[in-house]
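Residues per chain are reported as follows:
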Amino acid sequence: MFSTYLELGFTHILDIEGYDHILFIIALCAVYKTHQWKQILVLVTAFTIGHCVTLALSALRLVVFPAPIIEFLIPLTILITALFNVSREESLDKSINLNYLLALFFGLIHGLGFSNFFRALLGKEENIVQPLLAFNIGVELGQIIIVLCTMALGFLFMNVFKTKQRAWNLFISGAAAGVAITLLIDAKFW
Amino acid sequence: MQVFYYLILVFYGCVSFEYDHDIHVSVTDIEISKDGGVEIVVKVFIDDLMQSMGLEMGAELPDDYTSSDDLINQFLNNNLEIKINEKELTYTLDDTAPSTPAVWITLIGKTADDIKTIEINNKILIDQFDDQSNLINVTYLGERYSEMLNGGETQYVISVGK
């Protein structure tokens, strides 16, 4: 059972049909270069802490949010992250702490999104701790894959094709913002 | 100039994607006790189930409608088959419990106490949704087996007692 829920968490975050989580992580990483892996690690950890908290709380039904609101908030996190990316100073250090805070706070919102899917998977288990843990680990593994792919692509563009960091950031953030606006318009929230 | 490129990309993103992230999942829990008693609990989203049964909220009932239990029985007989030791299990509807947005359907049956294989053929809602996934959990003699059927998969076979 553990492996089943682990696989479900892994495939859920990597599911291209539900690309909102993928897009958020890509946008989050757009301002970093490969050598800043320590900052990326802190960033991803902040996002992880955020979504683990709400996934657990929501799965245990300690917090309940209507799905349409969550579906609206998730693209909003992508849009804000993208706008923050393009409006920031060239020097990353000045705004890096704010980035961690954004990752943590927005992680809380994405965790609610994960929980919608996780709760749909629950049968009549009396103890959901093990499925929850397995699902969460699966999500983390999927998240690591997305970060690694994003950083590898960034490395390729910035080091092989000599694309400037600012241009890479604008490219990623612009595309993410555009998609996020579409998601916001189509959200059932309206 | 950079802002211009940024706006182009925003526009590109706006016109290039559609968003469809509805969850289409059912869960079937099968618990087989030592004496051969079988309890099957199926969790399925009510709106999906109604759509599959040709019912619409607020619309008139079909002429051949008898009861919701009959419809659910018919639905499950057509979509959920369980074979134990290669012999089809006969189950009966025991209870339905709506818990919006899903409904829990409990079925009961009886089988032999010496089980070697369990085969589940689950076609629940796969004709309705391309992205329908059906999770199956089986518990037998304290062991738990799970499988997610995706992408049109319908069969899960377990060998037990080895």
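Above this text sits the structure in question.
About the criteria used
- Residues numbered from 1 in each chain as written.
- Chains lettered and ligands numbered in written order.
- Predicted model: local features only at pLDDT ≥ 70, side-chain atom pairs only at ≥ 80, totals over all residues.
- Heavy atoms only, no water.
- Salt bridge = Lys/Arg side-chain N within 4 Å of Asp/Glu carboxyl O.
- Patch = residues over 30% accessible without salt bridge, like charges linked within 9 Å, V, L, I, M, F, W, Y side chains within 5 Å.
- Areas by Shrake-Rupley, 256 points an atom, 1.4 Å probe, with all protein chains shown as cover.
- Lys, Arg positive; Asp, Glu negative; His and termini not counted.
- Charge placed at Lys NZ, Arg CZ, Asp CG, Glu CD.
- Helix = DSSP H or I, 4+ residues; strand = E, 2+ residues; numbered from the N terminus.
- Buried < 20%, exposed > 50% of the residue type's maximum accessible area, 1.4 Å probe, protein only.
- Phe/Tyr/Trp six-rings, centres within 6.5 Å; stacked < 30°, edge-to-face > 60°.
- Contact = heavy atoms within 4.5 Å.
- Buried area = accessible area lost by both parts, 1.4 Å probe.
- Polar contact = N/O pair within 3.5 Å; in protein donor to acceptor, adjacent residues only side chain to side chain.
- Core = buried A, V, L, I, M, F, W, Y, C linked by side-chain atoms within 4.5 Å.

## Remarks on the pattern of salt bridges
In step 1: A complete count under the given rule lists 1 salt bridge over all chains for this structure.
In step 2: The partner of Asp114(B) in a salt bridge is Lys116(B), and the shortest N-O contact between them spans 3.0 Å.

## Some points on a negative patch on the surface
In step 1: Residues Asp15(A), Glu17(A), Asp130(B) and Asp131(B) make up a contiguous surface patch of negative charge.
In step 2: Examined against the element boundaries, Glu17(A) turns out to sit in the loop between helix 1 (2-14) and helix 2 (20-29).
In step 3: You can call Glu17(A) exposed: its relative accessible area is 52%.

## Side note on the packing of aromatic side chains
Residue and element names in this part refer to chain A.
In step 1: Applying the stated criterion to the full structure yields 9 aromatic pairs over all chains.
In step 2: Considering the side-chain rings of Tyr5 and Phe118, the 6.3 Å spacing of their centres and the 65° angle between planes classify their relative orientation as edge-to-face. With a gap of 113 residues between them, Tyr5 in helix 1 and Phe118 in helix 5 (residues 96-121) connect regions that are remote in the sequence.
In step 3: Overall, the relative accessible area of 0% leaves Tyr5 in the buried class.
In step 4: Between the aromatic rings of Phe118 and Phe135, the centroid separation amounts to 5.1 Å while the plane-to-plane angle is 50°, which identifies the pairing as tilted. Of this pair, Phe118 sits in helix 5 while Phe135 sits in helix 6 (residues 129-160), placing them 17 residues apart in sequence.
In step 5: Residue Phe118 is classed as buried on the basis of its relative accessible area of 0%.

## Observations regarding the interface of chain B and chain A
In step 1: Contact with chain B, which involves 28 residues of that partner, is made by 35 residues of chain A.
In step 2: Each partner contributes to the roughly 2,700 Å² buried at the junction of chain B and chain A, and carbon and sulfur atoms together form 65% of this total.
In step 3: For the interface between chain B and chain A, the tally reads 0 salt bridges.
In step 4: Linking chain B with chain A are 4 residue pairs in polar contact (both at pLDDT 80 or more), by the criterion used here.

## Some thoughts on the nonpolar core
In step 1: Among the nonpolar cores identified, the biggest contains 58 residues, and Tyr5(A), Ile25(A), Phe118(A), Leu121(A) and Phe135(A) are the most heavily contacted of them.
In step 2: Mapped onto this core, the elements with two or more residues apiece are helix 1, helix 2, helix 3 (37-59), helix 4 (67-87), helix 5, helix 6 and helix 7 (165-186) of chain A together with strand 1 (25-32) of chain B.
In step 3: Considering every element that reaches this core, the biggest residue donor is helix 5 of chain A, with 10 residues.
In step 4: Beyond its immediate stretch of four places on either side in the chain, Phe135(A) contacts Tyr5(A), Leu6(A), Leu8(A), Gly9(A), His12(A), Leu55(A), Phe114(A), Phe117(A), Phe118(A) and Leu121(A).
In step 5: If you look at the next biggest cluster of nonpolar residues, it comprises 36 residues, including Val44(B), Leu76(B), Ile105(B) and Val138(B).

## Observations regarding the side chain of Gln132(B)
All names here are of chain B.
In step 1: Considering the arrangement of structural elements, one finds Gln132 in the loop between strand 7 (117-122) and strand 8 (133-140).
In step 2: At 2.9 Å, the side chain of Gln132 and the side chain of Asn134 are in polar contact.
In step 3: When sequence neighbours within four positions are dropped, the list of residues in contact with Gln132 reads His24, Val25, Ser26, Ile124, Leu125, Ile126, Leu149 and Gly151.

## Examining a nonpolar patch on the surface
Residues and elements named next belong to chain A.
In step 1: On the surface, a nonpolar cluster with roughly 690 Å² of combined accessible area is contributed by Ile49, Val53, Leu57, Leu60, Leu62, Leu98, Leu101 and Leu104.
In step 2: Those elements that place two or more of their residues in the nonpolar patch are helix 3 and helix 5.
In step 3: We classify Leu62 as exposed; its relative accessible area is 60%.

## Quick word on unusual backbone geometry
Residue and element names in this part refer to chain B.
In step 1: Positive phi outside glycine occurs at Glu86, with the angle close to 65°.
In step 2: Mapped onto the secondary structure, Glu86 falls in the loop between strand 3 (80-84) and strand 4 (87-88).
In step 3: The backbone of Leu125 sits at a positive phi, close to 65°, despite the residue not being glycine.
In step 4: Along the chain, Leu125 turns up in the loop between strand 7 and strand 8.

Limitation: the analysis is restricted to geometry and does not speak to function.
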